[in-house]
Amino acid sequence: MRKYGCPYVLLVAVFWAAAAAGCTGRFLAPPEPPAVIRNDDLSVVTATGQDTLESLALTYLGDADEAWRIAQYNQVGKAQAGQRLVIPLRPVAPGGLQPDGYQTVPVLYYPRIVAEKRAARGVPASTFEAQVQFLRENGYRTVRLAQLSEFLNLHADLPPKAVVISFDSAERWVYDSAYPVLKRNGFTAVLFIPTGQIDKARRLNWKEIAAMAAEGFDIGTSGIDARSLAAGPKTTYKEYSRKVEDEISLSQKAIAQHLKMPCHFFAYPGGYASDMIIALLKKHGFRLAFTREAGSNPFFADDFRLRRTLLGGQETEVWFQQTLTTFQPMDLR
Amino acid sequence: MMLVRRNRFLLLILVGILLSWGFDSTARSAAAEFQAYRQRATALEAQGDLPQALFAWRVAAALEPDDAGIKETIQALSAAIAKAAAEHSRQGITYFRAGDLEKARKEFLAALRLDPDHDQALFYLKRRLNNPDGEAYTVQPGDSFTQIAATYYRDADKAALVACFNDLDPDKPLRIGTTILLPELATEKMLSRRETDAMLARAQQALDEKKYSQVLDITARIDEKQPRYARLRALADAARLGQAVRLMEEKQYRRALDLLNEVTPGFEGRGRAIDEARQRIDAQASEEKLRLAQAYMKKGAYLDAIQVSQRVMEENPGNPIAKTVYEAAHYALGKQYLDRNQELKALEALKALSPEYKDTAQLIAQAQGRLNARAEEYYRRGVKHFLNEELEAAVAAWQKALELNPQHPKARQDMDNALRLLDKWRNLDKGDKNGQ
């Protein structure tokens with residue numbers, strides 16, 4: 001018995017110590033930082049076993065979709081139990097400005113999506129689905145136009161691979177082909193509708209549009225009939241400006257009336273923009289307007305001459321992938 | 001014994017596991033966490049990423065709120081960031097005014113990366129650089145949108161559009177000094193885009209053929225119907241500049257300058273052409289004066305020639321002709337005085353020249369020699385008077401000698417002697433009279 005005395009004493013001591021550690025926290029650990037630190041700029045938290053980046057974003061930023069901010073600042077893919085994480089409460093790089101360049105936001109514009117591959121004009125639904133899947137699998141995220149507007153005025157930053165998908169149409173394919181694909185992939189889009197065509201035969205109806213809006217789609221307008229707003233040869237200035245103002249304000253009113261929400265976004269029919277149309281859009285409280293000029297948008301783009309990349313169906317996979325520029329290098333130190 | 005040894009071995013492992021659990025790496029101590037952000041901030045600062053460095057300092061400050069040093073660091077860094085941003089923005093405006101839009105954009109971006117609230121940089125980047133051709137107007141005291149619309153569009157009804165285009169409320173008064181962008185707005189008798197494009201193409205062709213007045217005719221016609229058309233102004237400016245260059249070739253510099261003043265400031269080549277026209281006008285004026293000076297020379301009016309050529313030299317120090325005339329006139333004048341035995345005046349004229357100019361040194365020596373000889377003559381005359389006890393006459397003669405040659409070896413001493421004697425004489429004379 002005596003022989004084993006010493007080890008037993010040791011064993012008891014060790015287990016006592018272990019039990020003590022279990023009660024007070026870490027055995028022999030230095031003093032721990034407080035679990036949550038919070039001020040106007042940031043929070044510092046210790047993730048628990050139940051936490052994910054999304055749950056932390058929901059708790060501290062008020063929106064699970066903002067998880068990318070935590071991931072970006074801490075350079076982590078997911079939260080681990082016991083991990084200390086900094087949560088920036090304000091944009092860390094407004095406008096996507098970095099020392100080595102700036103963010104650009106591609107706005108994709110699909111004029112038409114068709115069911116079959118044989119159709120002459122338009123992107124086949126299968127190609128559209130492949131493109132949307134590519135975006136999802138490669139970390140692209142669709143953003144709302146209100147977010148884009150904040151970004152364009154340096155009030156916010158966007159996820160690094162932010163993209164906007166847009167349609168200017170009241171045709172059935174929007175609801176029948178494009179909408180389900182986007183929904184399946186957790187994406188949203190912006191739909192610019194010619195309000196005069198809604199509820200007509202073989203066109204979208206207000207109920208469908210309201211359903212898309214409820215799913216987080218932005219609803220903008222491209223006028224009543226989506227006719228070009230370029231001046232005719234013989235109109236007088238007064239006639240012309242009244243016509244433009246009608247197209248803008250009446251379509252805006254129709255949306256407000258049917259969807260019970262204000263409309264702040266415009267797509268120039270045929271892509272034709274001018275200072276006069278811009279002045280009238282601003283007069284009626286529009287915030288963003290889209291052309292059909294190709295290119296990606298940095299924060300300093302003109303809010304009323306935003307560029308869009310047209311996808312007509314002839315584009316190759318490689319071209320599609322290369323067109324999605326989300327960063328422009330430039331030494332800004 | 002084996003069991004005990006094995007147990008001891010197991011115990012050691014157990015203790016080891018427990019100890020290492022105690023130092024679990026995921027639970028860093030407060031001090032270590034604080035240090036990590038300190039280091040991160042310092043590294044970012046060294047890399048020149050000041051905004052991210054500032055944020056890392058803020059994290060560090062949140063972890064260690066009692067550290068006064070960090071608060072100071074944050075304040076100093078914030079101040080440095082604001083200063084650097086202001087400097088980038090200033091540089092951007094300089095580039096923008098010089099027409100270098102790419103460099104300007106880069107500076108404004110650098111300013112906003114540092115300070116996203118820098119309104120001036122944002123205004124230039126978003127409004128001015130997105131409308132590089134758009135005309136800007138700075139609000140003056142007494143301005144209103146109505147009045148600006150009436151002036152620039154000949155249509156006061158466009159006031160609201162101008163206000164909206166600038167994101168301003170048309171019903172609120174304008175703040176003096178605000179920069180207003182003037183949108184391109186079509187007027188009553190609007191031209192169709194096709195018509196305008198056709199006219200612009202004709203104007204461009206006329207410009208290529210250097211038919212400048214034709215360009216100005218066409219642009220004036222479009223302007224009447226559709227003002228504020230940026231391409232139009234560029235064409236008119238190019239035509240005016242071309243016309244001005246042509247006028248300068250014809251040496252009509254004044255008319256060229258008038259035309260150049262109508263070209264939009266900042267238009268490429270305008271500044272250079274204005275400088276050249278001004279220089280030519282100055283040169284032309286100098287040439288006229290020099291012609292006058294040369295005419296005076298021919299007439300033998302050397303003093304006038306000197307005066308005119310001197311004025312040209314003051315206006316244009318490098319003018320070689322002015323210098324030639326100036327020197328020739330002085331030389332001729334010096335010689336003329338020497339011929340007339342006016343050696344002092346001759347010397348004055350010749351001393352304006354370098355001794356190396358022609359035989360100037362010799363002429364100066366000659367004049368000086370003649371003066372010395374005449375001084376000697378007066379000196380001797382003075383001695384003669386002195387011997388005859390005509391002291392006053394002697395003093396007058398020696399004075400004359402000194403005038404001609406201030407360095408005369410004996411004249412001054414002798415004259416002083418004579419003056420002393422004269423003084424005594426006069427005192428004696430007084431005493432005699434008093435004694436009587």
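Values in this document were obtained by computation on a predicted structure and should not be read as measured data.

(A) Expanded view of the overall build of chain A. When its secondary structure is counted, chain A shows 10 helices and 16 strands. For chain A, with 333 residues in total, the buried portion stands at 51%. Taking all contacts inside chain A whose residues are at least 6 apart in sequence as the whole, residues at least 24 apart take part in 67%.

(B) Main features of the nonpolar core. One finds Tyr110(A), Phe128(A) and Phe167(A) to be the most contacted residues of the largest nonpolar core, which totals 73 residues. With 7 residues, helix H8 (residues 237-259) of chain A is the largest single contributor of residues to this core. Not counting residues within four places of it along the chain, the set of residues in contact with Tyr110(A) comprises Val123(A), Phe128(A), Gln131(A), Ile165(A), Ser166(A), Phe167(A), Trp173(A), Leu311(A) and Phe320(A). Counting residues in hydrophobic clusters, the runner-up holds 37 residues, among them Val143(A), Phe151(A), Leu332(A) and Phe108(B).

(C) Structural view of unusual backbone geometry. Look at Asp199(A): it is not a glycine, yet its phi comes out positive at around 75°. Note on placement: Asp199(A) falls in the loop between strand S10 (190-193) and helix H7 (206-214). For Arg154(B), which is not glycine, the phi torsion reads 55° and is therefore positive.

(D) Quick peek at helix H2 (residues 30-46) of chain B. All names here are of chain B. Given a rise of 1.5 Å per residue, 17 residues ought to cover 24 Å, and the 24 Å separating the end C-alpha atoms of H2 matches this to within 8%. All buried positions along H2 are accounted for by Glu-33, Phe-34, Tyr-37, Ala-41 and Leu-44. Across the axial projection of H2, the buried residues extend over an arc of 100°, all falling on one side. With respect to the buried face of H2, the exposed residues turned more than 90 degrees away are Gln-39 and Ala-46. Looking at the residues trailing H2, positive phi occurs at Gly-48, about 85°.

(E) Local environment of the pattern of salt bridges. This structure, assessed with the given rule, holds 37 salt bridges over all chains. Arg127(B) is paired through a salt bridge with Asp167(B); the nearest N and O atoms lie 3.2 Å apart. Within this pair, whereas Arg127(B) is found in helix H6 (residues 119-128), its partner Asp167(B) is found in the loop between helix H8 (159-165) and strand S2 (179-182), the two being separated by 40 residues in sequence. Through salt bridges that share partners, Asp41(A), Arg90(A) and Arg58(B) make up one connected network.

(F) Inspection of the confidence of the model for chain A at higher detail. All names here are of chain A. Here chain A averages 88 in pLDDT, and 87% of its residues register 70 or above. For residues 1-6, every residue scores under 50 in pLDDT, and the model assigns this stretch 2 contacts once sequence neighbours within four places are set aside. This model gives residues 9-14 a pLDDT under 50, and the stretch forms 5 contacts once residues within four places in sequence are excluded.

(G) Representation of the pairing of strand S5 (residues 101-109) of chain A in the model. Residues and elements named next belong to chain A. S5 sits mainly inside the fold: 9 of its 9 residues count as buried. Pairing analysis gives 2 bridges linking strand S4 (residues 97-98) to S5, with the strands arranged antiparallel. Bridging across to S5, Leu-97 finds its partner in Tyr-102. Counted along the chain from S4 to the antiparallel partner S5, the turn is 2 residues long. Sheet topology note: the S5/strand S14 (residues 296-298) ladder contains 3 bridges and is antiparallel. Residue pairing for S14: Val-105 is matched across the bridge by Asn-297. Inspection of the sheet shows S5 paired to strand S9 (residues 162-167) by 3 bridges, in the parallel sense. Its bridge partner being in S9, Tyr-109 is matched across the sheet by Ser-166. Of the pairings in the sheet, the one linking S5 to strand S15 (residues 309-310) comprises 2 bridges and is parallel in character. Within S15, the position partnered with Tyr-109 by the bridge is Leu-310.

(H) Summary view of the confidence of the model for chain B. Residues at a pLDDT of 70 or more form 89% of chain B, whose mean pLDDT is 85. The secondary structure element of chain B with the lowest average pLDDT is helix H1 (residues 2-22) of chain B, at 50, and the one with the highest is helix H5 (residues 101-114) of chain B, at 95.

(I) View of the side chain of Asp218(A). All names here are of chain A. Locating Asp-218 in the fold gives a position in strand S11 (residues 218-221). Given a relative accessible area of 8%, Asp-218 falls into the buried group. Of note is the side chain of Asp-218, whose polar atom sits 3.0 Å from the side chain of Arg-144. If sequence neighbours within four positions are ignored, Asp-218 has contacts with Arg-144, Leu-145, Ala-189, Val-190, Leu-191 and Phe-265.

(J) Region of interest: helix H2 (residues 53-61) of chain A. Residue and element names in this part refer to chain A. Among the residues making up H2, those that are buried are Leu-53, Leu-56, Ala-57, Tyr-60 and Leu-61. Projected onto a plane normal to the axis of H2, the buried residues spread over an arc of 100° and lie on a single side. Away from its buried face by more than 90 degrees, H2 exposes Leu-58 and Thr-59.

About the cut-offs
- Residues numbered from 1 in each chain as written.
- Chains lettered and ligands numbered in written order.
- Predicted model: local features only at pLDDT ≥ 70, side-chain atom pairs only at ≥ 80, totals over all residues.
- Heavy atoms only, no water.
- Helix = DSSP H or I, 4+ residues; strand = E, 2+ residues; numbered from the N terminus.
- Buried < 20%, exposed > 50% of the residue type's maximum accessible area, 1.4 Å probe, protein only.
- Contact = heavy atoms within 4.5 Å.
- Core = buried A, V, L, I, M, F, W, Y, C linked by side-chain atoms within 4.5 Å.
- Expected span 1.5 Å × (residues − 1).
- Arc of directions from axis to C-beta.
- Salt bridge = Lys/Arg side-chain N within 4 Å of Asp/Glu carboxyl O.
- pLDDT = per-residue confidence, 0-100.
- Pairing = 2+ DSSP bridges.
- Polar contact = N/O pair within 3.5 Å; in protein donor to acceptor, adjacent residues only side chain to side chain.

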